[in-house]
Amino acid sequence: MLQGWVFAAVLAGVASVGVALGLYRWVEKQDAGPARAQEIASWIREGATSYLRRLYLALAVLAIGLGIVIAIVFSFDIEHLGLKTVHFDPGRGASMALAFVVGALCSAAAGYLGMRVAVSANVRTAAAAGESLNRAFRVSFNGGAVMGLATVGMALIGMSLTYLVSGDPEVVLGFSFGASTLALLAKAGGGIYTKTADIAADLVGKVEVGIPEDDPRNPAVIADNVGDNVGDVAGMGADIFDSYVASTVAVMLLGAALFADRPALQMRYIIFPLVLCTLGIVASLIGLQFVRVGKDGKPGQALNRGTIFTALIFAALAALVTVLGGYNLGVLWATLAGLTAGVGIGFTTDYYTSSDQKPVLETARVSNSGAAINIITGFSYGLISIVPSIVGIAVATLVAYFLTARAGMDGIYGVGVSAVGMLTITGMIVSADAYGPIVDNARGIAQMSGMPHQVIDTADVLDAAGNTAKAITKGFSISAAALTVLALFAAYAQVVGMRGVQLSLSLRDPVVVAGTLLGAMTPPLFSALTMLAVTNNAFKMIEEIRRQFRQRPGILAGTEKPDYTSCVSLAAQGALSSLVLPAFLAVVLPVLVGFVLGPEALGGFLGGSIFTGVIFALLMANAGGLWDNAKKFIESGEFGGPGSDAHKASVVGDTVGDPFKDTAGPSMNTLITVMSLVSSLFAPVIAAIHLF
């Protein structure tokens, strides 16, 4: 029966990918619009495909290198490391390395499929917008659903097959590490790419020259639209893939460690997160049917309705399976606690980033006083927005822990299950998230190809809902990452404990304090490195745009075509060359701290990184989304409309927020997940070999 659930998980994953491919074919059959729009869409598609090809080639080299290291390290029997007798088992090393590579490949495949449909759905959404808002919404959301369903489907297939073949959750940990490593670099690289082009295009186009957004005379406009796909589709898809897999693997590891002396229960609670993921896919497939724009013509309400129905369906299925399957009721309460917290955090994020709510409206209003007041107001609301999310994470942690413990199980298992519960409806959440860049691109294509103003207005309505959907997704992923790394931290302690080292994380121990400070330092440093990469690359692109305007005056006159390729190349080259130091911080620094300062210091390091990582991620994601929608609200005609002083101030605020919300912020949760995974992966080796 229990083994049957693993096969059911594989089938659910196959069904999810199958539906994704069906939706992909449906999108491809839709009208692609006039020839000019198709030409512009082809430039975006070629740029996105070229960048991903270069990125994945670079990541393939990294994956091979790390795979060799993992194969060598795990070929030694870690139970005997540091002792006189050392056993060599190349089979285990090969299994771990293969799982690592497969994890990276599954993440890349899901991201690539999502990006392919996004660059196809964008022009078709623009064409459909000329017919009706409902039609355009259907095309764009179905395109986003390809990303959502491919993400959860590939993840569940990969995890389930890895466990079926190996029978060892630690090998599945290798799969998760591969997915997370690719996700970190794909998200950070995509974020650097997209914001390099976005900032350069806005500062020169809107502020200096005074031309509209997505004006075909701007040399950076194609790079900007390419960035939406490589950052917000492929990058964010890999990011959510990472959180989804890591939370599941953390619970599998805890189930293996906590029930090691009870084999029957051990198997039951190792596969329980796979059961939840299976139910989540079923709920998402049903919930997608409820996403329809009604007569009120409000896409945001349609997206929220889909999320709520999916959550309710999943909750009912989880209750049914938990009771009929003979599981301890504590895991049900933990699952529902995580699900409820995720939905609650998503909707509080909506409050702080929606153009219908006070924070955005107030930030737009004060823009009449200049960019400084706009930035201070938006930053302040970003700080306030941390409170409900942190409270939600804290409540979910406490409820999951104590209700699970009260039911007779280890509370930390409940904390891990709550993270899985929060991410089980990932199929729906990512569908809504990927919808955002599709409609953003659709607006750009409509503007550049000279479609009627009615089409652009319809795309603007869709785009405003897309910005909020992206902010909600970031809130989900960040909150889930916080709970996931808590579970991974517990798994790290369990693995180290099995080696005979009992962690004592006392702030009176200077080694622990040193590790905690180093961990707390890492997310801010990572943020600085990625945002500096954006500004450095944007500076180069700004100079390139100015050069073209200066040397070729026919561009602004509309008689000469800009050189789009040079800006696309600048963004791609700058993004890839900027990933070396961020990768070092995520993968090498935790291992270095562990080998030099020891397992207690590494425990402190993980704790410090969790606290500052979650705070920075929430602040930057929410403040960035708020600034963006404040600008769009003014562009709708409020407070002077486009070209006014308030609009110029809001453009500056949005420019500050761009790397906040699309580069550094969403990379934080992947960073802390990768550091936790690499620590758990190498924990047995660190426990045996360290200087202090």
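Residues numbered from 1 in each chain as written. Predicted model: local features only at pLDDT ≥ 70, side-chain atom pairs only at ≥ 80, totals over all residues. Heavy atoms only, no water.

**Topic: the overall build of the protein chain**
In terms of regular secondary structure, the protein chain is built from 20 helices and 0 strands. Compactness check: the protein chain gives a C-alpha radius of gyration of 24 Å against a globular reference of 26 Å for 692 residues, within 12% of the reference. When the 692 residues of the protein chain are sorted by exposure, 64% land in the buried category. As displayed, the protein chain offers around 22,900 Å² of accessible surface, 66% of which is attributable to carbon and sulfur atoms. If you average the places of the 40 positive and of the 45 negative side-chain charges in the protein chain, the two averages end up 3 Å apart. (Helix = DSSP H or I, 4+ residues; strand = E, 2+ residues; numbered from the N terminus. Rg over C-alpha atoms; globule rule 2.2 N^0.38 Å. Buried < 20%, exposed > 50% of the residue type's maximum accessible area, 1.4 Å probe, protein only. Areas by Shrake-Rupley, 256 points an atom, 1.4 Å probe, with all protein chains shown as cover. Lys, Arg positive; Asp, Glu negative; His and termini not counted. Charge placed at Lys NZ, Arg CZ, Asp CG, Glu CD.)

**Observations concerning the packing of helix H5 (residues 169-209) against helix H15 (residues 510-551)**
Helix packing geometry: the angle between the two helix axes and the distance between the axes. Orientation of H5 relative to H15, taken along the N-to-C sense of each, is 40 degrees, at an axis distance of 8 Å. By the angle between their axes, H5 is oblique relative to H15. Relative to H15, the crossing made by H5 is right-handed. Looking at the contact of H5 with H15 residue by residue, the class counts come to 18 nonpolar, 4 polar and 3 charged. (Axes fitted to C-alpha atoms, helices over the stretch in contact; angles between N-to-C directions. Parallel < 35°, antiparallel > 145°, perpendicular 65-115°, else oblique. Left-handed = near helix turned anticlockwise from the far one by under 90°. Nonpolar A, V, L, I, M, F, W, Y, C, P; charged D, E, K, R; others polar.)

**A look at the packing of aromatic side chains**
All told, the structure shown has 15 aromatic pairs when counted by the stated rule. When the centroid spacing of 5.0 Å and the interplanar angle of 85 degrees are considered together, the rings of Tyr351 and Tyr352 count as edge-to-face. An aromatic cluster of at least three residues, connected via ring pairs, comprises Phe259, Tyr269, Phe272, Tyr327 and Tyr413. Taking NZ or CZ as reference, Arg268 lies 5.2 Å from the ring centre of Tyr327, over its face. (Phe/Tyr/Trp six-rings, centres within 6.5 Å; stacked < 30°, edge-to-face > 60°. Lys NZ or Arg CZ within 6 Å of the ring centre and 35° of its normal.)

**Observations regarding the confidence of the model for the protein chain**
Chain-level pLDDT for the protein chain is 84 on average; 95% of the residues reach the 70-or-more range. Taken element by element, the protein chain is modelled with least confidence in helix H14 (residues 453-498), mean pLDDT 73, and with most confidence in helix H10 (residues 358-366), mean pLDDT 93. Counting interchain partners and residues more than four positions distant, the pLDDT-below-50 stretch residues 80-84 has 9 contacts. (pLDDT = per-residue confidence, 0-100. Contact = heavy atoms within 4.5 Å.)

**A look at the state of the cysteines**
By the definition in use, this model includes 0 disulfides. Here Cys106 is not cross-linked by a disulfide; its sulfur's nearest cysteine counterpart is in Cys277, at 14 Å. Judged by its relative accessible area of 11%, Cys106 is buried. For Cys277, a relative accessible area of 1% puts it in the buried group. (Disulfide = S-S within 2.5 Å.)

**A word on the nonpolar core**
In terms of nonpolar packing, the biggest core is built from 225 residues, with Ile222 and Tyr413 touching the most fellow members. If you tally residues by element for this core, the top one is helix H6 (residues 221-258), at 22 residues. Of all hydrophobic cores here, the second largest spans 9 residues; its members include Val360, Phe633, Ile634 and Ala646. (Core = buried A, V, L, I, M, F, W, Y, C linked by side-chain atoms within 4.5 Å.)

**Quick look at the packing of helix H3 (residues 90-129) against H6**
For the pair H3 and H6, the least separation of the axes is 9 Å and the interaxial angle reads 145 degrees. In terms of crossing hand, the pair formed by H3 and H6 is right-handed. For the pair H3 and H6, contact is made by Gly103, Cys106, Ser107, Ala110, Gly111, Gly114, Met115, Ala118 and Val119 and by Asn229, Val233, Ala234, Ala238 and Phe241, respectively. Grouping the constituent residues of the contact of H3 with H6 by class yields 9 nonpolar, 5 polar and no charged.

**Description of the pattern of salt bridges**
Within the structure shown, the criterion is met by 17 salt bridges. A salt bridge links Glu39 to Arg36; its shortest N-O distance comes to 3.1 Å. Placement of the pair is Glu39 and Arg36 together in helix H2 (residues 35-73), with a separation of 3 residues, close to one helical turn. In this structure Glu39 comes out as partly exposed when scored by relative accessible area, which is 35%. Where Asp654 meets Lys631, a salt bridge forms, and the shortest distance between an N and an O atom there is 3.0 Å. On the criterion of sequence distance, the pair formed by Asp654 in helix H20 (residues 645-688) and Lys631 in helix H19 (residues 599-635) is long-range, its members being 23 residues apart. (Salt bridge = Lys/Arg side-chain N within 4 Å of Asp/Glu carboxyl O.)

**Some remarks on a nonpolar patch on the surface**
Taken together, the side chains of Leu320, Val323, Leu324, Leu329, Trp333, Val387, Val391, Val395, Val399 and Leu403 define a hydrophobic patch exposed on the protein surface, amounting to about 890 Å² of accessible area. For the nonpolar patch, the secondary-structure elements that each account for two or more residues are helix H8 (299-324), helix H9 (329-353) and helix H11 (371-406). Relative to the helices and strands, Leu324 resides in helix H8. (Patch = residues over 30% accessible without salt bridge, like charges linked within 9 Å, V, L, I, M, F, W, Y side chains within 5 Å.)

**Regarding H6**
For an α-helix, the turn length of 3.6 residues means that residues three or four places apart are oriented alike. With 38 residues, H6 should reach 56 Å at 1.5 Å per residue; the first-to-last C-alpha distance of 54 Å fits that figure. Along H6, the largest kink reaches about 30 degrees and is centred on Met236. Counting buried positions along H6 gives 37 out of 38 residues, so the element sits mostly inside the fold. (Expected span 1.5 Å × (residues − 1). Bend = angle between axes of the 7 residues up to and from the residue.)

**Things to note about the environment of Ala586**
With respect to the helices and strands, the residue Ala586 is situated in helix H18 (residues 580-597). For Ala586, a relative accessible area of 0% corresponds to the buried category. Between the C-alpha atom of Ala586 and that of Ala318, which follows or precedes it by 268 residues, the distance is 35 Å. Every residue in contact with Ala586, bar those within four places of it in the chain, is listed here: Leu184, Leu671, Val674, Met675 and Val678.

**Here we look at the environment of Gly67**
Relative to the elements of secondary structure, Gly67 occurs in helix H2. Gly67 sits in the buried class, given a relative accessible area of 6%. Note: C-alpha distance between Gly67 and Phe100 (33 residues apart in sequence) is 6.7 Å. Setting aside its immediate chain neighbours within four residues, Gly67 contacts Ala97 and Phe100.

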